[in-house]
Amino acid sequence: MLQLIETICFENGAFQRIPLHEDRMNRTRYHLFDRLDPLSLDQFLSIPESLKDQKVKCRIIYSDKIEYVEYQIYIQKIIRSLRLVADNTISYAYKFKNRDSLNSLLSKRGNADDILIVKNGQVTDTCFTNIVFLKQGIWFTPESTLLPGTRRKDYLLKNLIFPRIIRPDELHQYEEARLINAMLSLEDAETIPITSIY
């Protein structure tokens, strides 16, 4: 059976953005497994006592049901450069545990820290994150994301970032980029100079 992953951030003594994670998991379960019964994560999440004062990455492995949960202290990976990699067939609408297609693209990064995937002429995501670009004090995120992340959705709902079609030849119009995902906020992300996206 297909396995999927949901990554949830535990920070400041609480699991973050639980309703958005539940919504994504339940939509995935419905589309892939025809399951209508909603999951409630409260009964599955219990942070180990030794980790309660840490920033923790909680990985939920699931299919039509939750299979197991893992906890580990979060260590931020430093990403300061991105290589543009084009693939018009890549699809990652669901957060599958099997990431072979993404890992294959990642192998093309050369001396860059990560890749920025271009699909049908539009910038999408990196291998592990959504991306945002700063222009005149406003943060924009590619409309053509491969996997709409929960933090991205939270920021969109709060009007902190705005969707826009972004093409590789337009990147010079932006001042910088930052990466966001469940574990990585806009405030904590490294600044990536536009000149470091090539």
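## Quick look at the packing of helix α1 (residues 18-33) against helix α3 (residues 150-157)
Phase 1: It is the contact of α1 with α3, at a shortest axis distance of 10 Å, that shows an interaxial angle of 120°. Looking at the two axes, α1 sits oblique to α3. Crossing of α1 against α3: the hand is right-handed. Contacts from L20, H21, D23 and R24 in α1 reach T150, K153, D154 and L157 in α3.

## Here we look at the pattern of salt bridges
Phase 1: Counted by the stated rule, this structure contains 13 salt bridges.
Phase 2: The salt bridge involving K55 is made with E11; its shortest N-O contact spans 3.9 Å. Remark: E11 occurs in strand β1 (residues 4-11) and K55 occurs in the loop between α1 and β3 (56-62); sequence separation between them is 44 residues.
Phase 3: Residue classification places E11 among the partly exposed residues on the basis of a relative accessible area of 22%.
Phase 4: Here K52 and E49 are joined by a salt bridge, their closest N and O atoms 3.2 Å apart.

## A word on the pairing of strand β11 (residues 176-180)
Phase 1: With five of five residues buried, β11 lies mostly within the body of the structure.
Phase 2: Residues of β11 alternate between two faces, with E176, R178 and I180 on one and A177 and L179 on the opposite face, all of them buried.
Phase 3: Note: strand β8 (residues 130-135) against β11, five bridges, orientation antiparallel. Looking at β11, one finds that N130 is bridged to I180.
Phase 4: Bridge count for β11 against strand β12 (residues 192-193) is two bridges, and the pairing is antiparallel. Its bridge partner being in β12, E176 is matched across the sheet by P193.

## Some remarks on the sheet that holds β11
Phase 1: What the five strands build is an open sheet, ordered β10-β9-β8-β11-β12; its pairing is mixed. The sheet terminates laterally at β10 (162-164) and β12, the two strands that pair on one side only.

## A closer look at the environment of E187
Phase 1: Relative to the helices and strands, E187 resides in the loop between β11 and β12.
Phase 2: As a C-alpha pair, E187 and T126 span 61 residues in sequence and 18 Å in three-dimensional space.
Phase 3: In contact with E187, not counting residues within four places along its chain, are Y155 and R178.

## Quick word on α1
Phase 1: Its 16 residues place the ends of α1 21 Å apart at the C-alpha level, agreeing with the 22 Å of an ideal helix rising 1.5 Å per residue.
Phase 2: Burial in α1 covers these residues: I18, L20, H21, E22, R24, M25, N26, T28, R29 and F33.
Phase 3: Lining the buried residues of α1 we find β1, β2 (14-15), β3, β4 (66-73) and α3.
Phase 4: D34, located one to two residues past α1, shows a positive phi value of around 60°.

Procedures and definitions
- Residues numbered from 1 in each chain as written.
- Predicted model: local features only at pLDDT ≥ 70, side-chain atom pairs only at ≥ 80, totals over all residues.
- Heavy atoms only, no water.
- Axes fitted to C-alpha atoms, helices over the stretch in contact; angles between N-to-C directions.
- Helix = DSSP H or I, 4+ residues; strand = E, 2+ residues; numbered from the N terminus.
- Parallel < 35°, antiparallel > 145°, perpendicular 65-115°, else oblique.
- Left-handed = near helix turned anticlockwise from the far one by under 90°.
- Contact = heavy atoms within 4.5 Å.
- Salt bridge = Lys/Arg side-chain N within 4 Å of Asp/Glu carboxyl O.
- Buried < 20%, exposed > 50% of the residue type's maximum accessible area, 1.4 Å probe, protein only.
- Pairing = 2+ DSSP bridges.
- Expected span 1.5 Å × (residues − 1).

Distances and angles like these do not, on their own, reveal function.
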